[in-house]
Amino acid sequence: MRIGIITYWTSNDNYGQLLQCYALQQVLKGMGHDPYLIRFIHGEKLSVVKKIMRRLSWKGLQYMFSSERRHSKQLRKKNMRQNVLRRFDDFRNEYIISSNKIYHGLLELRAYPPEADVYICGSDQVWRNSFTLTDTPAWFLSFGKKQTHRVAYAVSIGRELEDKELLIFKQYLSSFNKISVREESARLLCDSLGFHEAQVTLDPTLLLPAENYRQIADKVTIQNRPYLFMYILNINSKEEIYWDTVSSYLKQRDLNVKIVYSSGYIQAQQLIAKYPNTLATIPEWISYIDHAQCIITTSFHGVVFSIKMHKPFLAFLLTNQFSKGNDRIISLLNSLNLSERIYNPDQPIASQMEKPINWDNVESKLSQLQIKSNNFLKFL
(Lines give C-alpha, C1' and ligand atoms only; values in the text may rest on other atoms or scores of the structure.)
Protein backbone atom coordinates (compact mmCIF):
# COMPACT_ATOMS: atom_id res chain seq x y z
CA MET A 1 0.00 0.00 0.00
CA ARG A 2 1.00 3.59 -0.60
CA ILE A 3 1.35 5.21 2.83
CA GLY A 4 1.73 8.95 3.41
CA ILE A 5 3.22 9.90 6.79
CA ILE A 6 2.71 13.21 8.59
CA THR A 7 5.31 13.86 11.27
CA TYR A 8 7.96 16.38 12.27
CA TRP A 9 10.92 16.40 9.91
CA THR A 10 12.40 19.90 9.54
CA SER A 11 14.74 20.04 12.55
CA ASN A 12 18.45 20.49 11.99
CA ASP A 13 19.52 19.42 15.46
CA ASN A 14 16.89 17.09 16.96
CA TYR A 15 18.25 13.58 16.33
CA GLY A 16 15.22 11.68 17.58
CA GLN A 17 12.92 13.56 15.21
CA LEU A 18 14.76 12.40 12.10
CA LEU A 19 15.47 8.90 13.37
CA GLN A 20 11.84 8.16 14.27
CA CYS A 21 10.85 9.33 10.78
CA TYR A 22 13.47 7.03 9.25
CA ALA A 23 12.57 4.07 11.45
CA LEU A 24 8.84 4.10 10.68
CA GLN A 25 9.58 4.10 6.96
CA GLN A 26 12.00 1.19 7.35
CA VAL A 27 9.47 -0.86 9.30
CA LEU A 28 6.69 -0.23 6.77
CA LYS A 29 9.01 -1.01 3.84
CA GLY A 30 9.91 -4.28 5.55
CA MET A 31 6.20 -5.13 5.55
CA GLY A 32 6.01 -4.61 1.80
CA HIS A 33 4.45 -1.13 1.84
CA ASP A 34 5.45 1.99 -0.09
CA PRO A 35 5.79 4.70 2.59
CA TYR A 36 6.83 8.30 2.14
CA LEU A 37 7.07 11.45 4.22
CA ILE A 38 4.49 14.12 3.42
CA ARG A 39 6.67 17.22 3.66
CA PHE A 40 4.22 19.35 5.60
CA ILE A 41 5.38 22.62 7.15
CA HIS A 42 2.99 24.04 9.71
CA GLY A 43 2.76 27.63 10.77
CA GLU A 44 -0.11 29.88 11.69
CA LYS A 45 -0.71 32.43 8.95
CA LEU A 46 -1.85 35.63 10.62
CA SER A 47 -3.43 38.59 8.92
CA VAL A 48 -1.60 41.93 9.20
CA VAL A 49 -4.30 43.21 11.57
CA LYS A 50 -4.04 40.12 13.81
CA LYS A 51 -0.24 40.39 13.90
CA ILE A 52 -0.45 44.03 14.97
CA MET A 53 -3.08 43.26 17.62
CA ARG A 54 -1.02 40.41 19.02
CA ARG A 55 2.13 42.52 19.21
CA LEU A 56 0.30 45.45 20.80
CA SER A 57 -1.31 43.29 23.49
CA TRP A 58 0.15 43.68 26.97
CA LYS A 59 1.61 40.16 26.84
CA GLY A 60 2.99 40.77 23.35
CA LEU A 61 4.63 44.06 24.34
CA GLN A 62 6.17 42.48 27.42
CA TYR A 63 7.69 39.69 25.36
CA MET A 64 8.82 42.02 22.54
CA PHE A 65 11.03 44.02 24.90
CA SER A 66 12.05 41.16 27.18
CA SER A 67 15.56 39.80 27.68
CA GLU A 68 14.02 36.34 27.12
CA ARG A 69 13.07 37.28 23.54
CA ARG A 70 16.51 38.74 22.81
CA HIS A 71 18.24 35.68 24.25
CA SER A 72 16.04 33.25 22.30
CA LYS A 73 16.58 35.20 19.08
CA GLN A 74 20.35 35.18 19.55
CA LEU A 75 20.36 31.45 20.24
CA ARG A 76 18.24 30.74 17.18
CA LYS A 77 20.60 32.66 14.91
CA LYS A 78 23.65 31.01 16.45
CA ASN A 79 22.12 27.55 16.11
CA MET A 80 21.18 28.15 12.48
CA ARG A 81 24.82 28.90 11.71
CA GLN A 82 26.25 26.03 13.70
CA ASN A 83 23.73 23.38 12.69
CA VAL A 84 25.11 23.33 9.16
CA LEU A 85 27.89 21.18 10.64
CA ARG A 86 25.37 18.56 11.80
CA ARG A 87 24.44 17.92 8.14
CA PHE A 88 20.87 16.81 8.78
CA ASP A 89 20.02 17.52 5.16
CA ASP A 90 22.49 14.82 4.13
CA PHE A 91 20.62 12.31 6.28
CA ARG A 92 17.22 13.39 4.97
CA ASN A 93 18.38 13.11 1.37
CA GLU A 94 19.99 9.70 1.82
CA TYR A 95 17.66 7.89 4.20
CA ILE A 96 14.15 9.42 4.05
CA ILE A 97 11.73 9.01 1.14
CA SER A 98 9.77 12.23 0.76
CA SER A 99 7.01 13.82 -1.28
CA ASN A 100 8.18 16.00 -4.16
CA LYS A 101 5.91 18.77 -3.02
CA ILE A 102 6.30 20.72 0.22
CA TYR A 103 2.88 21.53 1.69
CA HIS A 104 2.79 24.95 3.37
CA GLY A 105 -0.14 24.74 5.73
CA LEU A 106 -3.46 22.93 5.99
CA LEU A 107 -5.06 24.73 3.04
CA GLU A 108 -2.47 23.34 0.61
CA LEU A 109 -2.94 19.81 1.99
CA ARG A 110 -6.67 20.11 1.38
CA ALA A 111 -6.31 21.71 -2.03
CA TYR A 112 -3.70 19.21 -3.28
CA PRO A 113 -4.11 16.13 -1.05
CA PRO A 114 -1.19 13.66 -1.17
CA GLU A 115 -2.04 10.39 -2.91
CA ALA A 116 -2.11 7.44 -0.52
CA ASP A 117 -4.12 4.39 0.49
CA VAL A 118 -3.30 5.10 4.13
CA TYR A 119 -2.35 8.26 6.01
CA ILE A 120 -0.34 7.88 9.22
CA CYS A 121 0.38 10.61 11.74
CA GLY A 122 3.20 10.01 14.17
CA SER A 123 5.22 9.19 15.94
CA ASP A 124 6.57 12.16 17.93
CA GLN A 125 4.56 14.79 19.81
CA VAL A 126 2.41 15.77 16.84
CA TRP A 127 -0.68 16.26 19.02
CA ARG A 128 0.99 18.84 21.26
CA ASN A 129 -0.02 21.91 19.21
CA SER A 130 -2.66 24.32 20.44
CA PHE A 131 -6.09 23.54 19.04
CA THR A 132 -6.56 27.24 18.25
CA LEU A 133 -3.92 27.17 15.49
CA THR A 134 -5.25 26.99 11.96
CA ASP A 135 -2.90 24.17 10.90
CA THR A 136 -3.54 21.85 13.89
CA PRO A 137 -6.18 19.74 12.02
CA ALA A 138 -3.41 18.58 9.66
CA TRP A 139 -1.81 16.64 12.52
CA PHE A 140 -5.13 14.80 12.86
CA LEU A 141 -5.17 13.99 9.13
CA SER A 142 -8.06 16.34 8.34
CA PHE A 143 -7.41 16.36 4.60
CA GLY A 144 -7.67 14.02 1.63
CA LYS A 145 -10.35 11.60 0.49
CA LYS A 146 -12.80 10.25 3.04
CA GLN A 147 -12.12 6.66 2.00
CA THR A 148 -8.40 6.96 2.79
CA HIS A 149 -7.56 4.90 5.88
CA ARG A 150 -6.33 7.10 8.78
CA VAL A 151 -4.01 5.77 11.47
CA ALA A 152 -2.28 7.34 14.47
CA TYR A 153 0.94 5.51 15.33
CA ALA A 154 2.80 6.02 18.63
CA VAL A 155 1.64 9.61 18.92
CA SER A 156 2.43 11.74 21.96
CA ILE A 157 0.50 14.72 23.28
CA GLY A 158 3.23 16.09 25.52
CA ARG A 159 1.03 18.43 27.57
CA GLU A 160 -2.12 18.54 29.67
CA LEU A 161 -5.21 19.24 27.59
CA GLU A 162 -7.55 21.85 29.03
CA ASP A 163 -11.17 20.85 29.69
CA LYS A 164 -12.37 23.12 26.88
CA GLU A 165 -10.11 21.24 24.44
CA LEU A 166 -11.44 17.76 25.16
CA LEU A 167 -14.51 17.99 22.92
CA ILE A 168 -12.39 19.20 19.99
CA PHE A 169 -9.87 16.43 20.64
CA LYS A 170 -12.65 13.85 20.68
CA GLN A 171 -13.98 15.13 17.35
CA TYR A 172 -10.51 14.88 15.81
CA LEU A 173 -10.06 11.31 17.03
CA SER A 174 -13.38 10.22 15.53
CA SER A 175 -11.90 10.36 12.01
CA PHE A 176 -9.27 7.70 12.76
CA ASN A 177 -9.62 4.04 11.84
CA LYS A 178 -6.92 3.01 14.33
CA ILE A 179 -5.19 4.83 17.18
CA SER A 180 -2.00 4.07 19.06
CA VAL A 181 -0.09 6.35 21.40
CA ARG A 182 3.33 6.32 23.00
CA GLU A 183 2.49 6.58 26.68
CA GLU A 184 -0.10 5.15 29.05
CA SER A 185 -1.42 8.57 30.10
CA ALA A 186 -2.43 9.29 26.49
CA ARG A 187 -4.13 5.90 26.17
CA LEU A 188 -6.14 6.58 29.33
CA LEU A 189 -7.20 9.96 27.93
CA CYS A 190 -8.38 8.34 24.69
CA ASP A 191 -10.22 5.68 26.69
CA SER A 192 -11.98 8.31 28.82
CA LEU A 193 -13.28 9.91 25.62
CA GLY A 194 -14.74 6.64 24.33
CA PHE A 195 -11.87 5.37 22.18
CA HIS A 196 -11.42 2.12 24.07
CA GLU A 197 -9.36 0.34 21.42
CA ALA A 198 -6.48 2.82 21.53
CA GLN A 199 -3.21 1.03 22.24
CA VAL A 200 0.21 1.92 23.59
CA THR A 201 2.83 1.06 20.98
CA LEU A 202 6.57 1.49 20.78
CA ASP A 203 8.26 4.44 19.20
CA PRO A 204 9.35 3.17 15.75
CA THR A 205 13.03 3.57 16.64
CA LEU A 206 12.56 0.64 19.03
CA LEU A 207 11.27 -1.63 16.25
CA LEU A 208 14.57 -1.78 14.36
CA PRO A 209 17.57 -3.86 15.49
CA ALA A 210 20.65 -2.08 16.80
CA GLU A 211 22.63 -3.32 13.82
CA ASN A 212 20.42 -1.26 11.53
CA TYR A 213 21.67 1.90 13.26
CA ARG A 214 25.25 0.68 13.47
CA GLN A 215 25.27 0.35 9.69
CA ILE A 216 24.47 4.07 9.47
CA ALA A 217 27.34 4.89 11.82
CA ASP A 218 29.86 2.28 10.65
CA LYS A 219 32.34 4.79 9.15
CA VAL A 220 32.54 7.03 12.20
CA THR A 221 35.73 7.00 14.29
CA ILE A 222 35.33 7.68 18.02
CA GLN A 223 38.03 8.50 20.58
CA ASN A 224 39.49 5.65 22.63
CA ARG A 225 39.49 7.31 26.07
CA PRO A 226 36.42 6.25 28.12
CA TYR A 227 33.79 8.97 28.16
CA LEU A 228 30.36 9.81 29.52
CA PHE A 229 27.99 10.90 26.76
CA MET A 230 25.37 13.53 27.57
CA TYR A 231 22.46 14.33 25.27
CA ILE A 232 20.64 17.38 26.60
CA LEU A 233 17.35 18.98 25.54
CA ASN A 234 14.89 21.40 27.15
CA ILE A 235 17.12 22.52 29.99
CA ASN A 236 17.79 26.15 30.94
CA SER A 237 20.61 25.76 33.45
CA LYS A 238 23.34 23.34 34.50
CA GLU A 239 21.63 23.02 37.89
CA GLU A 240 18.75 21.21 36.17
CA ILE A 241 21.18 18.45 35.16
CA TYR A 242 22.88 18.40 38.58
CA TRP A 243 26.17 19.34 36.98
CA ASP A 244 28.15 19.54 40.24
CA THR A 245 27.19 15.94 41.01
CA VAL A 246 27.91 14.77 37.46
CA SER A 247 31.26 16.60 37.42
CA SER A 248 32.26 14.91 40.67
CA TYR A 249 31.38 11.52 39.18
CA LEU A 250 33.54 12.23 36.12
CA LYS A 251 36.53 12.93 38.36
CA GLN A 252 35.90 9.84 40.47
CA ARG A 253 35.87 7.57 37.43
CA ASP A 254 38.45 9.52 35.36
CA LEU A 255 35.98 9.89 32.51
CA ASN A 256 36.05 12.34 29.67
CA VAL A 257 32.70 13.82 28.63
CA LYS A 258 31.04 14.54 25.30
CA ILE A 259 27.94 16.76 25.35
CA VAL A 260 25.43 17.24 22.54
CA TYR A 261 22.87 19.98 23.13
CA SER A 262 19.81 20.02 20.89
CA SER A 263 16.63 22.04 20.47
CA GLY A 264 13.25 20.82 21.64
CA TYR A 265 10.81 23.11 23.41
CA ILE A 266 13.85 25.29 24.17
CA GLN A 267 16.59 26.41 21.78
CA ALA A 268 19.85 24.48 22.18
CA GLN A 269 22.39 26.31 24.31
CA GLN A 270 25.77 25.54 25.85
CA LEU A 271 25.24 25.32 29.61
CA ILE A 272 28.73 24.37 30.76
CA ALA A 273 31.47 26.75 29.66
CA LYS A 274 34.21 24.11 29.69
CA TYR A 275 32.36 21.80 27.30
CA PRO A 276 31.18 23.23 23.96
CA ASN A 277 28.30 21.75 22.01
CA THR A 278 29.43 18.74 20.00
CA LEU A 279 27.84 19.38 16.60
CA ALA A 280 27.50 15.73 15.68
CA THR A 281 26.02 14.40 12.46
CA ILE A 282 23.33 11.74 12.92
CA PRO A 283 25.81 8.88 12.23
CA GLU A 284 28.23 10.45 14.74
CA TRP A 285 25.47 10.83 17.35
CA ILE A 286 24.61 7.13 17.04
CA SER A 287 28.28 6.21 17.29
CA TYR A 288 28.82 8.41 20.36
CA ILE A 289 26.09 6.46 22.14
CA ASP A 290 27.32 3.09 20.91
CA HIS A 291 30.88 3.67 22.16
CA ALA A 292 30.12 5.51 25.41
CA GLN A 293 31.05 4.15 28.81
CA CYS A 294 27.74 5.45 30.14
CA ILE A 295 25.05 7.99 29.23
CA ILE A 296 23.06 10.80 30.86
CA THR A 297 20.14 12.27 28.96
CA THR A 298 17.01 14.38 29.33
CA SER A 299 15.73 13.09 25.99
CA PHE A 300 13.26 10.32 25.22
CA HIS A 301 15.30 9.23 22.21
CA GLY A 302 18.47 9.48 24.24
CA VAL A 303 16.89 6.85 26.50
CA VAL A 304 15.74 4.79 23.51
CA PHE A 305 19.18 4.57 21.94
CA SER A 306 20.86 3.87 25.29
CA ILE A 307 18.56 0.85 25.53
CA LYS A 308 19.14 -0.18 21.91
CA MET A 309 22.91 -0.11 22.41
CA HIS A 310 22.77 -1.75 25.87
CA LYS A 311 24.49 1.14 27.63
CA PRO A 312 24.37 2.05 31.33
CA PHE A 313 22.31 5.23 31.45
CA LEU A 314 20.39 7.61 33.65
CA ALA A 315 17.37 9.61 32.54
CA PHE A 316 17.24 13.07 34.10
CA LEU A 317 13.59 14.09 34.13
CA LEU A 318 12.61 17.67 33.32
CA THR A 319 11.70 19.77 36.36
CA ASN A 320 10.63 22.90 34.48
CA GLN A 321 7.42 23.92 32.69
CA PHE A 322 7.89 21.13 30.15
CA SER A 323 7.84 18.29 32.67
CA LYS A 324 4.72 16.76 31.07
CA GLY A 325 7.12 15.54 28.38
CA ASN A 326 8.52 13.11 30.98
CA ASP A 327 5.46 10.85 30.60
CA ARG A 328 6.80 9.03 27.55
CA ILE A 329 10.13 8.30 29.29
CA ILE A 330 8.44 7.08 32.44
CA SER A 331 5.96 4.93 30.49
CA LEU A 332 8.72 3.28 28.43
CA LEU A 333 10.98 2.58 31.41
CA ASN A 334 8.09 1.17 33.44
CA SER A 335 7.17 -1.17 30.59
CA LEU A 336 10.73 -2.56 30.54
CA ASN A 337 11.18 -2.70 34.34
CA LEU A 338 13.85 -0.02 34.06
CA SER A 339 12.29 2.65 36.26
CA GLU A 340 15.44 2.61 38.43
CA ARG A 341 17.26 4.25 35.53
CA ILE A 342 15.43 7.50 36.36
CA TYR A 343 17.93 9.58 38.29
CA ASN A 344 17.18 10.14 41.96
CA PRO A 345 19.14 13.15 43.30
CA ASP A 346 18.81 11.80 46.84
CA GLN A 347 20.99 8.80 46.01
CA PRO A 348 24.65 8.59 44.93
CA ILE A 349 24.95 8.85 41.17
CA ALA A 350 27.62 6.13 41.03
CA SER A 351 25.42 3.47 42.60
CA GLN A 352 22.56 4.31 40.23
CA MET A 353 24.66 4.46 37.08
CA GLU A 354 26.67 1.33 37.84
CA LYS A 355 23.82 -0.88 38.97
CA PRO A 356 23.85 -3.83 36.53
CA ILE A 357 21.08 -4.02 33.94
CA ASN A 358 19.73 -7.45 33.01
CA TRP A 359 19.67 -6.91 29.27
CA ASP A 360 18.26 -10.39 28.60
CA ASN A 361 15.16 -9.46 30.61
CA VAL A 362 14.94 -6.08 28.89
CA GLU A 363 15.15 -7.67 25.43
CA SER A 364 12.53 -10.26 26.38
CA LYS A 365 10.05 -7.58 27.42
CA LEU A 366 10.97 -5.43 24.44
CA SER A 367 10.36 -8.37 22.11
CA GLN A 368 6.80 -8.76 23.41
CA LEU A 369 6.12 -5.06 22.92
CA GLN A 370 7.63 -5.20 19.42
CA ILE A 371 5.25 -8.01 18.47
CA LYS A 372 2.29 -5.95 19.66
CA SER A 373 3.50 -2.82 17.83
CA ASN A 374 4.28 -4.70 14.61
CA ASN A 375 0.86 -6.36 14.70
CA PHE A 376 -0.75 -2.94 14.97
CA LEU A 377 1.03 -1.86 11.80
CA LYS A 378 0.49 -5.14 9.97
CA PHE A 379 -3.26 -4.74 10.04
CA LEU A 380 -3.57 -1.25 8.66
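Residues numbered from 1 in each chain as written. Predicted model: local features only at pLDDT ≥ 70, side-chain atom pairs only at ≥ 80, totals over all residues. Heavy atoms only, no water.

1. Points about the pattern of salt bridges
On inspection of all chains with the given rule, the structure shows 15 salt bridges. Across the pair Arg-92 and Asp-89 runs a salt bridge, and its minimum N-O distance is 2.9 Å. With Arg-92 and Asp-89 both in helix 5 (residues 88–95) and three residues apart, the pair spans about one turn of that helix. Arg-92 sits in the buried class, given a relative accessible area of 10%. Its relative accessible area of 44% is what places Asp-89 among the partly exposed residues. Look at the salt bridges and you will find they share partners, linking Glu-160, Lys-324 and Asp-327 into a network. (Salt bridge = Lys/Arg side-chain N within 4 Å of Asp/Glu carboxyl O. Helix = DSSP H or I, 4+ residues; strand = E, 2+ residues; numbered from the N terminus. Buried < 20%, exposed > 50% of the residue type's maximum accessible area, 1.4 Å probe, protein only.)

2. Regarding the sheet that holds strand 9 (residues 256–261)
Spatially, four strands are ordered 9-8-10-11 in an open sheet, and the strand pairing comes out parallel. Each edge of the open sheet is held by one strand with a lone partner, namely strand 9 and strand 11 (313–315). Direction aside, the axes of adjacent strands within the sheet are offset by 15° on average. Sheet topology places strand 10 (residues 294–297) next to strand 11; three bridges connect them, and they run parallel. Looking at strand 11, one finds that Ile-296 is bridged to Leu-314. Across the face of the sheet, helix 12 (residues 300–308) comes into contact with strand 8 (227–232), strand 10 and strand 11 while running at roughly 160° to strand 11. (Pairing = 2+ DSSP bridges. Axes fitted to C-alpha atoms, helices over the stretch in contact; angles between N-to-C directions. Contact = heavy atoms within 4.5 Å.)

3. Notes on the packing of helix 1 (residues 15–30) against helix 11 (residues 282–290)
As a packed pair, helix 1 and helix 11 sit with axes 11 Å apart at the nearest point and diverge in direction by 100°. Classified by the angle between their axes, helix 1 and helix 11 sit roughly perpendicular to one another. Across from Tyr-15, Leu-18 and Leu-19 in helix 1, the residues of helix 11 making contact are Ile-282, Trp-285 and Ile-286. Taken together, the residues that form the contact of helix 1 with helix 11 break down as six nonpolar, no polar and no charged. (Parallel < 35°, antiparallel > 145°, perpendicular 65-115°, else oblique. Nonpolar A, V, L, I, M, F, W, Y, C, P; charged D, E, K, R; others polar.)

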